[in-house]
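Architecture at a glance
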Amino acid sequence: MRLDKFLSVTATATRSETRRAVRAGEVIVNGAVARDPADDIDENTAVVAFRGQTVTYRKHHYILLNKPAGYVSATEDSGPTVLSLLPEKYTVLGLFPCGRLDKDTEGLMLLTDDGETAHRLLSPRRHVTKRYAFRVERPLTEPEKAAFRAGLTLSDGTTTAPADIETDETGAAGVVTLTEGKYHQIKRMMGALGNRITALERVSFGPLTLPADLPRGAWRPLTDEEETALLAAAGTEN
Ligand code: URA
């Protein structure tokens, strides 16, 4: 693989950044200063350092984003998308959101270029759990929570699988756990109880938990441990 392609697909640098860094002697390949961005390297064995940082080749990319309200879970839209929160060097990777959150929903969003894993994680057969912290307009009663846990019939006749729900002592805030992902599911489930969601934040997706130290709008690659756990949840070969 060409050196500039290697640095591009590892989301290290755009081709023009690579040109500048190579010219400045800031790219080291197997201990020697790289002379040409077009140099051929073996992506699996080369030891590459870009501006002092070691770069490891990865077949796929997995990004954990703390989605703010106001961003659409899509690769393209007339409004701002979750992908627009990433720097330019990520645009070449073909990342897409693994599942959707409503525009006004916040919290954990996985972005990846691994179509097979995303497909498996979203398959209803796999029952990957998603947990959401919520607020509702009116406190929920115990019978309403019991109905939620048993599964509800939505206004269009769709039935939902049993979903766990816990509330705090006010009854108007808590956490819902879903094993499926129907369109506007939690809002519609609350609607079926004559209630209305006023705030919704995804706090976990399968083995991933929204990190307390990741501000809204910020993102980071999954750690090796998170990636291993995610691929195990998807049943994908590493
Ligand atoms: N349920 C909803 O209603 N909206 C979301 O964004 C996620 C789950």
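What counts and how
Residues numbered from 1 in each chain as written. Predicted model: local features only at pLDDT ≥ 70, side-chain atom pairs only at ≥ 80, totals over all residues. Heavy atoms only, no water. Domains from an automatic or database assignment. Salt bridge = Lys/Arg side-chain N within 4 Å of Asp/Glu carboxyl O. Helix = DSSP H or I, 4+ residues; strand = E, 2+ residues; numbered from the N terminus. Buried < 20%, exposed > 50% of the residue type's maximum accessible area, 1.4 Å probe, protein only. Near = heavy atom within 4 Å. Polar contact = N/O pair within 3.5 Å; in protein donor to acceptor, adjacent residues only side chain to side chain. Areas by Shrake-Rupley, 256 points an atom, 1.4 Å probe, with all protein chains shown as cover. Nonpolar A, V, L, I, M, F, W, Y, C, P; charged D, E, K, R; others polar.

1. Structural notes on the domain arrangement of the protein chain
One can read the domain layout of the protein chain as domain 1 (3-55), domain 2 (62-124 + 207-234) and domain 3 (129-205). Put simply, the middle of domain 1 and the middle of domain 3, counted by C-alpha atoms, are 49 Å apart.

2. Looking at the pattern of salt bridges
Across all of its chains, the model carries 17 salt bridges by this definition. In this structure, the salt-bridge partner of D102 is K187, at a minimum N-O distance of 2.8 Å. Taken together, the positions of D102 in the loop between β6 (96-97) and β7 (106-112) and K187 in helix α5 (residues 185-192) put the pair 85 residues apart, joining distant regions of the chain. Residue classification places K187 among the partly exposed positions, given a relative accessible area of 24%. Note that R220 is salt-bridged to E226, the shortest N-O span being 2.8 Å. We classify R220 as partly exposed; its relative accessible area is 24%. The class for E226 is buried, based on a relative accessible area of 15%.

3. Here we look at the site of the ligand
Within the structure, the ligand sits among L101, D102, T105, Y132, H184, Q185, I186, K187 and L200. One nitrogen or oxygen atom from the main chain of Q185 is found 3.4 Å from an oxygen atom belonging to the ligand. Computed on the free molecule, the ligand has an accessible area of 230 Å², of which 96% lies beneath the protein chains in the complex. Ranked by residue count, the leading element in the shell around the ligand is α5, at three residues. By residue class, the composition of the shell around the ligand is four nonpolar, three polar and two charged. Split by domain, the shell around the ligand shows at least three residues from each of two domains, domain 2 (62-124 + 207-234) and domain 3 (129-205).

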